[in-house]
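# An overview of the molecular structure
Given next are the chains, with one letter for each unit.
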Amino acid sequence: MSASAHPPTRVRSLLRFAAGLAVIVALMFVGDAITAAARLPLPGSVVGMLLLAAALRMRWISPALVQPAAEMLIRNMALLFVPAGVGLMLYLPLLRREWVPIVAASVASTFAVLVVVAWTQQRLERDD
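Residues numbered from 1 in each chain as written. Predicted model: local features only at pLDDT ≥ 70, side-chain atom pairs only at ≥ 80, totals over all residues. Heavy atoms only, no water.

### Quick look at the environment of alanine 64
The test is simple: Each helix is a run of H or I in the DSSP string that is no shorter than four residues. Each strand is a run of E no shorter than two, and both are numbered from the N terminus.
Its location among the elements puts alanine 64 in helix α3 (residues 63-75). Sequence separation between alanine 64 and arginine 16 is 48 residues, and the spatial gap between their C-alpha atoms is 8.9 Å.

Quick look at the structure:
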């Protein structure tokens with residue numbers, strides 16, 4: 001096969017990145033559709049990430065497919081929080097007035113997440 005038959009490495013990397021991003025975005029939209037149809041009190045993006053985790057666990061999707069896009073999103077995660085941070089500034093008076101329940105809920109939910117993640121990790125390790 002001639003050298004011109006293979007796309008350059010950068011083009012292949014870009015195509016791999018685009019394919020992984022397409023999978024992640026598609027699952028996010030599927031999650032949105034599921035939450036809307038089932039009227040679930042969850043963000044569709046959370047359901048989409050659960051679908052992605054299940055597809056990876058069942059080996060329907062190769063981790064290598066989504067890894068480049070996932071790594072880029074993680075590297076730039078701080079930028080994704082800027083709009084939310086700016087939005088919080090609109091509610092500064094409310095935050096000042098209700099800071100105790102907000103902090104209590106944050107601490108309780110953080111503890112709950114740690115417990116659930118630890119329990120899930122133990123179950124997954126035991127199943128392997």
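### Regarding the environment of arginine 97
Here is the rule: Note on exposure labels: buried denotes an accessible area under 20% of the residue type's maximum, exposed denotes more than 50%, and partly exposed covers the range between, all computed with a 1.4 Å probe on protein chains only.
Relative to the helices and strands, arginine 97 is located in helix α6 (residues 92-97). With a relative accessible area of 58%, arginine 97 lands in the exposed category. Sequence separation between arginine 97 and arginine 39 is 58 residues, and the spatial gap between their C-alpha atoms is 32 Å.

### Some words on a nonpolar patch on the surface
Selection rule: To count toward a patch, a residue needs a relative accessible area above 30% and no salt bridge. Like charges then connect within 9 Å, nonpolar side chains (Val, Leu, Ile, Met, Phe, Trp, Tyr) within 5 Å. Here the Shrake-Rupley method, with its probe set to 1.4 Å, supplies the accessible areas, and only the displayed protein chains count as covering residues. Each salt bridge in this description consists of a side-chain nitrogen of Lys or Arg and a carboxyl oxygen of Asp or Glu lying within 4 Å of one another.
Together, Val30, Ile34, Leu40, Leu42, Val46 and Leu50 make up an exposed nonpolar region whose accessible area comes to about 470 Å². For the nonpolar patch, the elements supplying multiple residues, two or more each, are α1 (9-38) and α2 (44-57).

### Observations regarding unusual backbone geometry
The general pattern is negative phi for most residues beyond glycine and trans for most peptide bonds. With a phi close to 50°, arginine 39 is a non-glycine residue in the positive phi region. Inspection of the secondary structure puts arginine 39 in the loop between α1 and α2. We note that arginine 59 has phi near 65°; this positive angle belongs to a residue other than glycine. Topologically, arginine 59 is positioned in the loop between α2 and α3. Exposure remark for arginine 59: the relative accessible area of 74% places this residue in the exposed category.

### Details of the packing of α1 against α3
Put simply, the test is: The axes are straight lines fitted to the C-alpha atoms, using for helices just the contacting stretch, and the angles between their N-to-C directions are given from 0 to 180°. Any angle that is under 35 degrees is reported as roughly parallel, and any over 145 degrees as roughly antiparallel; angles of 65 to 115 degrees are reported as roughly perpendicular and all others as oblique. Residue contacts are counted whenever heavy atoms from the two residues lie within 4.5 Å of one another. Only Asp, Glu, Lys and Arg are considered charged, only Ala, Val, Leu, Ile, Met, Phe, Trp, Tyr, Cys and Pro nonpolar, and every remaining residue, Gly among them, polar.
One way to put it is that α1 packs onto α3 with a least axis distance of 7 Å and a crossing angle of 80°. Taken as axis vectors, α1 and α3 run roughly perpendicular relative to one another. Mapping the contact onto sequence places Arg16, Phe17, Ala19, Gly20, Leu21, Val23 and Ile24 in α1 and Leu65, Val66, Pro68, Ala69, Ala70, Met72 and Leu73 in α3. Class assignment for the residues of the contact of α1 with α3 results in twelve nonpolar, one polar and one charged.

### Focus on the nonpolar core
What counts, and what does not: Grouping buried Ala, Val, Leu, Ile, Met, Phe, Trp, Tyr and Cys residues that are joined through side-chain atoms within 4.5 Å yields what is termed a nonpolar core.
By size, the foremost hydrophobic cluster in this structure holds eight residues: Val23, Ile24, Leu27, Leu52, Ala55, Ile61, Val66 and Ala69. Element by element, the count of residues in this core is highest for α1, at three residues. Setting aside anything within four residues of it in sequence, one finds isoleucine 61 in contact with Val23, Leu27, Leu52, Ala55, Leu56 and Val66.

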